[in-house]
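Analysis of the macromolecular model
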Amino acid sequence: FTGTGGAPATPAQPAAQPTAVETAAYPSIPAATPTTLVLPPISPLSEVTIISEGAVSSPSITVSVYDSLPSNAIAISSQGTVYSYISLGLSSGLDSANLLKISLNLSIEKSWFTDNNLNPNQTFLNRYNDTTKNWTTFSTIYLGENETHYKFSVLLPHLSLFAINAMPLQCACPKLGDWSSCVD
């Protein structure tokens with residue numbers, strides 16, 4: 001999966017339809033037990049861990065990926081650069097209101113941060129509320145990295161439409177004029 005390559009979070013972008021959609025089905029989710037579901041590999045969201053209030057038989061999650069702002073959402077007002085818009089839809093047996101805990105894991109290409117001069121330590125997941133027409137920003141937790149990707153996790157109250165964004169690098173020079181040791 002490749003990010004949007006540095007599309008600004010503002011101003012408003014043209015409305016879009018999903019560029020990729022895939023549904024994953026799972027055997028069951030036991031009540032009050034952390035259950036990790038591996039998501040289809042079409043987005044930077046690699047897995048979701050949930051705790052459901054009640055047992056759920058044959059749940060499914062539909063992942064929709066957008067290259068630009070989806071047609072049902074307003075532009076994100078935060079600064080930064082948007083990597084991707086992703087929607088997670090739940091099957092009828094899996095109601096977001098009955099989920100006690102939701103944790104998403106993300107895997108984002110290092111090259112996206114480098115190419116766009118972005119700070120991996122300032123990576124956020126924004127959740128869209130379709131009722132209030134607002135975005136809520138959630139800080140990510142850095143989990144580690146491999147040769148090509150940074151890995152993050154984020155705790156959420158509900159699943160819905162998300163936007164992943166990161167803030168620009170801000171360099172500070174330890175000694176006036178010594179830019180060779182510029183660090184974030």
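Computed from a predicted structure; not experimentally measured.

Our focus in this paragraph is the nonpolar core. Counting 35 residues, the largest nonpolar core has L39, I61, L88 and L104 as its most contacted members. Listed by contribution, the elements that provide at least two residues to this core are strand 5 (45-52), strand 7 (60-66), strand 8 (81-90), strand 9 (99-109), helix 1 (110-115), strand 10 (118-129), strand 13 (149-156) and strand 14 (161-168). If one sorts the elements of this core by residue count, strand 9 sits on top with 5 residues. One finds A73, Y128, L161 and A163 within the second-largest nonpolar core, a separate group that totals 10 residues.

A few words now on the packing of aromatic side chains. Two descriptors summarise a pair of aromatic rings, namely the distance from one centre to the other and the angle between the planes of the rings. Taken as a whole and assessed by the stated rule, the structure comprises 9 aromatic pairs. Look at F113 and Y150: their rings are 5.2 Å apart centre to centre, the planes differ by 90°, and that puts the pair in the edge-to-face class. Of this pair, F113 sits in helix 1 while Y150 is found in strand 13, placing the two residues 37 residues apart along the sequence. Taking relative accessible area as the criterion, Y150 reaches 16% and is therefore assigned buried. With a centroid separation of 6.4 Å and an interplanar angle of 45°, the aromatic rings of Y150 and F152 are classed as tilted.

Assignment of secondary structure puts T36 in strand 4 (residues 35-38). For the pair T36 and T49, spaced 13 residues apart in sequence, the C-alpha to C-alpha distance is 4.1 Å. Not counting residues up to four positions away in its chain, the partners in contact with T36 are E47, V48 and T49. Polar contacts involving the side chain of T36 include one to the side chain of T49, which spans 2.9 Å.

Here we take up unusual backbone geometry. Excluding glycine, residues mostly carry a negative phi; peptide bonds, for their part, are mostly trans. We note that N117 has phi near 55°; this positive angle belongs to a residue other than glycine. On the secondary structure map, N117 appears in the loop between helix 1 and strand 10. The class of N117 is partly exposed, set by a relative accessible area of 46%.

Calculation criteria
Residues numbered from 1 in each chain as written. Predicted model: local features only at pLDDT ≥ 70, side-chain atom pairs only at ≥ 80, totals over all residues. Heavy atoms only, no water. Core = buried A, V, L, I, M, F, W, Y, C linked by side-chain atoms within 4.5 Å. Buried < 20%, exposed > 50% of the residue type's maximum accessible area, 1.4 Å probe, protein only. Helix = DSSP H or I, 4+ residues; strand = E, 2+ residues; numbered from the N terminus. Phe/Tyr/Trp six-rings, centres within 6.5 Å; stacked < 30°, edge-to-face > 60°. Contact = heavy atoms within 4.5 Å. Polar contact = N/O pair within 3.5 Å; in protein donor to acceptor, adjacent residues only side chain to side chain.

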